[in-house]
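Analysis of the macromolecular model
The chain contents come next:
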Amino acid sequence: MATKVAIRTTFEAAKTIEPIYTGGDVSLDESGRLLATCVEEDVLVVDIETGVPVTRIEGDGEPVTSLCLSPSASHLVICSRSLTMRIYALSQSDGTSTIKSTLQRTLKPHQSPVVTSTIDDTGYLLATGGADGTVKVWDIRGGYVTHTFHGHGGVVSALCLFQMDSIAGSPGDSRPK
């Protein structure tokens, strides 16, 4: 005679894992510890070592087109299809692993959506490339444009800022020859 084995058909969730990426741009800080990602219209900053979200920044109702995290993770720049660029200052919350995000300013960077953006190694300059074919270089802390480059034949889809060492013997070079 066979006995009926009791099989469980319902279960309780022991842990819920929320999504950390739903498509779009991503950015890492210099240490590779913090990752900024798009989750729908919001931006999530995740500690990669623990997998725990450390801050969530609510969107403006439009999809994020570009985001970048400064190398030191002191600033986060978010551009959206609403033609706005929001610059946040990031700081560690006291006694916790969370990060406090403070909106510093909201700007209209281009006449069309920003497609790509990057922050230089010093964390002071931001470059944005738009669908309008222009590149703008911004002072992050001041919130103003330092340079505008026109004449690109189409959408600016990639940017890179780098520093060059001065060449020995060039004007202003104080190195011994």
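The structure reproduced in this document is the subject of the present report. Fair warning: this is a prediction, and the values are worked out from it, not measured in the lab. Residues take numbers from 1 onward in each chain, read along the sequence in its written order. Per-residue local features of the predicted model are confined to residues with pLDDT of at least 70, and side-chain atom pairs are confined, for both listing and counting, to 80 or more; whole-chain, interface and lining totals are unaffected and use all residues. In computing side-chain properties, one takes all heavy atoms of the structure into account and sets aside hydrogens as well as water.

**Concerning the overall build of the protein**
Threshold: For the purposes of this entry, the term helix denotes a DSSP run of H or I that reaches at least four residues, the term strand denotes a run of E that reaches at least two, and both are numbered from the N terminus. The quantity called the radius of gyration is restricted to C-alpha atoms. Its globule counterpart is 2.2 Å times the number of residues to the power 0.38. Exposure categories follow from relative accessible area, calculated using a 1.4 Å probe and restricted to protein chains: below 20% of the type maximum is buried, above 50% is exposed, and the middle band is partly exposed. Residue contacts are defined here by distance: any two heavy atoms, one from each residue, within 4.5 Å place the two residues in contact. Only the protein chains shown count as cover for residues, and all accessible areas are computed by the Shrake-Rupley method using a 1.4 Å probe. For the purpose of charge, His is not counted, nor are the chain termini; Lys and Arg are scored as positive and Asp and Glu as negative. Note on charges: their place is set at NZ of Lys, CZ of Arg, CG of Asp or CD of Glu.
Within the protein, the regular secondary structure consists of 0 helices and 12 strands. Against the globule reference of 16 Å for 177 residues, the protein gives a C-alpha radius of gyration of 22 Å, more extended than a compact globule. When its C-alpha atoms are laid out on the principal axes, the protein stretches across 95 × 40 × 35 Å. Relative to its full complement of 177 residues, the protein shows a buried share of 37%. Looking at the protein alone, contacts between residues at least 24 apart form 35% of all its contacts between residues at least 6 apart. Accessible surface, the protein: about 10900 Å² in total, of which carbon and sulfur atoms supply 54%. Across the protein, 14 positive and 20 negative side-chain charges occur, with their mean positions spaced 2 Å apart.

**Focus on the layout of surface pockets**
The gaps of empty space that remain are located by a probe, the size of a water molecule, rolled over the atoms. As a reminder of what qualifies: The way it works is a 1 Å grid over only the protein atoms, where trapped points that fit a 1.4 Å probe form a cavity and open points with protein on both sides within 12 Å along at least five of seven lines form a pocket, and then any residue with an atom within 4 Å of a point lines it. Grid points are joined across faces, edges and corners, and a volume is the space filled by probe spheres set on the points. Any residue outside Ala, Val, Leu, Ile, Met, Phe, Trp, Tyr, Cys, Pro, Asp, Glu, Lys and Arg is labelled polar, Gly included; the first ten of those are nonpolar and the last four are charged.
What the largest pocket holds in volume is close to 170 Å³. Each residue belonging to the lining of the largest pocket can be placed in one class, and the counts come to 4 nonpolar, 3 polar and 2 charged.

**Side note on the side chain of Asp29**
Selection rule: Each salt bridge in this description consists of a side-chain nitrogen of Lys or Arg and a carboxyl oxygen of Asp or Glu lying within 4 Å of one another. We call two N or O atoms a polar contact when they sit within 3.5 Å, provided that within protein one can donate a hydrogen and the other can accept it, with sequence-adjacent residues counted only if both atoms are side-chain atoms.
Summarising the element assignment, Asp29 is placed in the loop between strand 1 (26-28) and strand 2 (34-39). Of the side chains with opposite charge, Arg33 comes closest to the buried, unpaired Asp29, at an N-O distance of 5.4 Å. Among the polar contacts listed, one links the side chain of Asp29 to the side chain of Ser31, at a separation of 2.9 Å. Here Gly32 takes part through its backbone nitrogen, which lies 3.0 Å from a polar atom of the side chain of Asp29. Beyond its immediate chain neighbours, meaning those up to four positions away, Asp29 contacts Leu34, Leu69, Ser70, Pro71 and Ala73.

**Some points on the nonpolar core**
Let me state the cut-off plainly: Nonpolar cores were defined as sets of buried Ala, Val, Leu, Ile, Met, Phe, Trp, Tyr and Cys residues, with membership established by side-chain atoms within 4.5 Å.
One finds Leu34, Ala36, Val43, Leu67, Leu76 and Ile78 to be the most contacted residues of the largest nonpolar core, which totals 16 residues. Excluding anything up to four places from it in sequence, Val43 contacts Ala36, Thr37, Thr55, Arg56, Ile57, Val64, Leu67, Leu76 and Ile78. With 10 residues, the next largest nonpolar core counts Cys68, Val77, Ile119 and Ile140 among its residues.

**As for the pattern of salt bridges**
According to the stated counting rule, one finds 3 salt bridges in the structure shown. Between Asp47 and Arg33 there is a salt bridge whose closest N-O contact spans 3.3 Å. Placement of the pair is Asp47 in strand 3 (residues 42-47) and Arg33 in the loop between strand 1 and strand 2, with a sequence separation of 14 residues. Looking at Asp47, the relative accessible area reads 9%, which means it is buried. With a shortest N-O distance of 3.3 Å, Asp42 and Arg56 are connected by a salt bridge. With Asp42 in strand 3 and Arg56 in strand 4 (residues 52-57), this residue pair connects regions lying 14 residues apart in the sequence. Put simply, Glu18, Asp42 and Arg56 are held in one network by salt bridges that share partners.

**Overview of the sheet that holds strand 9 (residues 114-119)**
Within a sheet, adjacent strands bond to each other through the backbone by hydrogen bonds, running parallel or antiparallel. The condition is simple: The criterion for strand pairing is that DSSP finds at least two bridges linking the strands in question. Helix axes are fitted to C-alpha atoms over the stretch in contact, other axes to C-alpha atoms as well, and angles between N-to-C directions run from 0 to 180 degrees.
Ordered by their spatial adjacency, 4 strands build an open sheet running 9-10-11-12, and the pairing between neighbours is antiparallel. Looking along the sheet, the strands with just one partner apiece sit at the ends: strand 9 and strand 12 (144-149). The sheet shows a mean angle of 20 degrees between the axes of neighbouring strands, direction not considered. Relative to strand 11 (residues 135-139), strand 10 (residues 125-130) runs antiparallel, the two sharing 5 bridges. Within strand 11, the position partnered with Thr128 by the bridge is Lys136.

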